[in-house]
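Each chain is listed here by its residues.
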Amino acid sequence: MVKSALQIARAAYQPKLPKALKGSVKAVEGAPTQSVGNQDEIKAMFPNTYGMPVITFEPGDSKPMDAFNVGIILSGGQAPGGHNVISGLYDGVKSLNPNSKLYGFLMGPGGLVDHKYVEFTDDFINEYRNTGGFDIIGSGRTKLEKEAQFESGIEILRKLGIKALVIIGGDDSNTNACVLAEYYAAKKYGVQVIGCPKTIDGDLKNEQIETSFGFDTACKTYSELIGNIQRDCNSARKYWHFIKLMGRSASHIALECALQTQPNICLISEEVEKKEMSLDDVVTYIARIVADRAADGNNFGTVLIPEGLIEFIPAIKKLIAQLNDVLTDPKTGEPMEFANAKEQIAFVKSNITPENLAILESLPADVANQLCLDRDPHGNVQVSLIETEKLLSRMVATKLAAWKAEGKFNGKFSAQHHFFGYEGRCAAPSNYDADYCYSLGYNASRLIANGKTGYMSIIKNTTAPAEEWIAGGVPITMMMNMERRNGAMKPVIRKALVELDGAPFKFFAANREAWAKNTMYIYPGPIQYWGPSEVCDQCTKTLALEQK
Ligand code: FBP
């Protein structure tokens, strides 16, 4: 591999570990746990992995371990730090017994099912320490949920003598990890399954999980770009920049970037839903600020748009829920197959309520088609494919033209569009993510050594110096409830959306009017890996405000 100077220098970085993981550990068990909702149903579905205690690791004596083998899978979208989870797990496994082996399944969960794997060695791992990306073994979105897949998996796990499987993923992948853990436990196959909280979206968090890895680096990368755009726009003073940010449903990324850069406008989907805003209300809100700034002679600005916005406009949300139902085959629970897009759209139109049909037909054709057609393998609308930034700026321009005709707007409105998502998912992990991910991986080896299954690796207290971080495990069932997915009720990890009474949103809400009217941009600049701690070791503003 040809390496950049940064990669070479960065390879030498030794990620920090919590004190508790530095030597031998003992597992301290808390009280039995309950799922966050639908306790009776979840308990009945997960008889072997329900109710287990939260684990905290403390320094202790541990016995020498026989060599054991572990497998690892990267699942879903890329997030900075995945390579460090793997290197942390590798080092952790080897520290317990140097003859232990770590195998990586290729291109996501599909690698387990299709028996495609590699064995990690020192040289191989060393090439990837502290680098971004998931290219070490690749990732994929195959859903691991069928018995045939679990059975195919056990064949290769047995062949390789694998005692435990670590699945690095978001809420859906960790839900599937839990189903797999339960299945292997019920069958007494003797293979443990451990999850690891990954996603740039930041929506896999709760009382036990402070943040999902990758959120920190991705937000810092987008904030650098937004800051650069803001400086450009404050220099030329002639464009409104409409910037859509990844994050799927939740608006955590948009909110964090707003806290880091102080744009003129940032939409928060969860607030749009709570206030029951229509698409026209959203457009009017933006146009109002554009007109007010124009009245002050400022014909420029920035608008941050979370990629899931469209799903949170209540009328569109109802429409999407029905689209998800009608596009699922009730017999198999799988997405329905159609000969072509035309047939699919015609089927949708003749199977939804007249109210939903009216909403669908009120949308621009490209957006309506996107809603009817594309789903990811988990049945989610592929919001990243909907060009909300263009849709909104087009509608704002139309509204401003009408206001101009009425003499209510005298400024100029010229828009530029951006979509930031893929730009940040493979960035070289910040020091925070490099340390957090390495610790998550290392910690997973301790959960395995303690015989745990159906747990997610957790590291807490991460706003404190790494020495003081708390390591342990949380039963995945604890985070579950029942939700409607693809037309049926399913046990799933509850997604964490932006809380409107949470400290990050409140801080934003208290400041946004000033940011809208005045030009108060912050230019965060690029992630720094070396230098003063206040520049290179800061966590996200979201986490700092939440943990305050
Ligand atoms: P994960 O939830 O799997 O981590 O992926 C998140 C994400 O990056 C979203 O922000 C985005 O909507 C989606 O992946 C894009 O998916 P794809 O990589 O398949 O285009």
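So, here is what we can say about the structure in this document. (Residues numbered from 1 in each chain as written. Predicted model: local features only at pLDDT ≥ 70, side-chain atom pairs only at ≥ 80, totals over all residues. Heavy atoms only, no water.)

## Notes on the overall build of the chain
Secondary structure assignment for the chain yields 22 helices and 15 strands. Since a compact globule built from 548 residues should have a radius of gyration of about 24 Å, the 24 Å found for the chain is in line with a globular shape. Along the first, second and third principal axes, the C-alpha atoms of the chain reach 80 × 60 × 45 Å. Per-residue burial for the chain yields a buried fraction of 58% across its 548 residues. Long-range contacts, defined as pairs at least 24 residues apart, comprise 78% of the intrachain contacts of the chain with a sequence gap of at least 6. (Helix = DSSP H or I, 4+ residues; strand = E, 2+ residues; numbered from the N terminus. Rg over C-alpha atoms; globule rule 2.2 N^0.38 Å. Buried < 20%, exposed > 50% of the residue type's maximum accessible area, 1.4 Å probe, protein only. Contact = heavy atoms within 4.5 Å.)

## Considering the site of the ligand
Near the ligand lie 13 residues; those nearest to it are Gly77, Asp201, Glu307, Tyr422 and Arg425. Interatomic distance of 2.6 Å between a side-chain N/O atom of Asp201 and an oxygen atom of the ligand. Between the ligand and Gly247, the relevant distance is 3.3 Å, taken from an oxygen atom to a main-chain nitrogen or oxygen of the residue. Protein chains bury 85% of the 490 Å² of accessible surface belonging to the ligand in isolation. In terms of residue class, the shell around the ligand is made up of three nonpolar, four polar and six charged. (Near = heavy atom within 4 Å. Polar contact = N/O pair within 3.5 Å; in protein donor to acceptor, adjacent residues only side chain to side chain. Areas by Shrake-Rupley, 256 points an atom, 1.4 Å probe, with all protein chains shown as cover. Nonpolar A, V, L, I, M, F, W, Y, C, P; charged D, E, K, R; others polar.)

## Quick look at the packing of aromatic side chains
All told, the structure shown has 18 aromatic pairs when counted by the stated rule. Taken together, a centroid distance of 5.9 Å and an interplanar angle of 55 degrees make the contact between Phe505 and Phe508 tilted. Of the two residues, Phe505 and Phe508 are both situated in helix H20 (residues 503-517); the distance of three residues between them amounts to about one turn of the helix. Per residue, the accessibility class of Phe505 equals that of Phe508, and both read buried. Joined through ring pairs, the aromatic side chains of Phe150, Tyr183, Tyr184 and Tyr189 make up one cluster. When the ring centre of Phe300 is taken as reference, the NZ or CZ atom of Arg293 above it lies at 4.9 Å. (Phe/Tyr/Trp six-rings, centres within 6.5 Å; stacked < 30°, edge-to-face > 60°. Lys NZ or Arg CZ within 6 Å of the ring centre and 35° of its normal.)

## Details of the pattern of salt bridges
Summed over all chains, the structure comprises 24 salt bridges. Where Lys390 meets Glu387, a salt bridge forms, and the shortest distance between an N and an O atom there is 3.3 Å. A residue is classified by how much of its surface remains accessible, and Lys390, at 34% relative accessible area, is partly exposed. You can call Glu387 partly exposed: its relative accessible area is 40%. Between Arg485 and Glu483 there is a salt bridge whose closest N-O contact spans 3.1 Å. For Arg485, a relative accessible area of 18% translates into the label buried. (Salt bridge = Lys/Arg side-chain N within 4 Å of Asp/Glu carboxyl O.)

## Examining the environment of Lys274
One can find Lys274 in helix H10 (residues 269-274). C-alpha of Lys274 to C-alpha of Leu89: the two residues are 185 residues apart in sequence and 41 Å apart in space.

## Regarding the nonpolar core
Core analysis: the largest hydrophobic core is formed by 87 residues, its most contacted members being Ile86, Phe213 and Leu245. Top contributing element to this core by residue count: helix H19 (residues 431-449), with nine residues. Judged by nonpolar contacts, the second largest core, of 44 residues, contains Trp240, Ile265, Val283 and Leu319. (Core = buried A, V, L, I, M, F, W, Y, C linked by side-chain atoms within 4.5 Å.)

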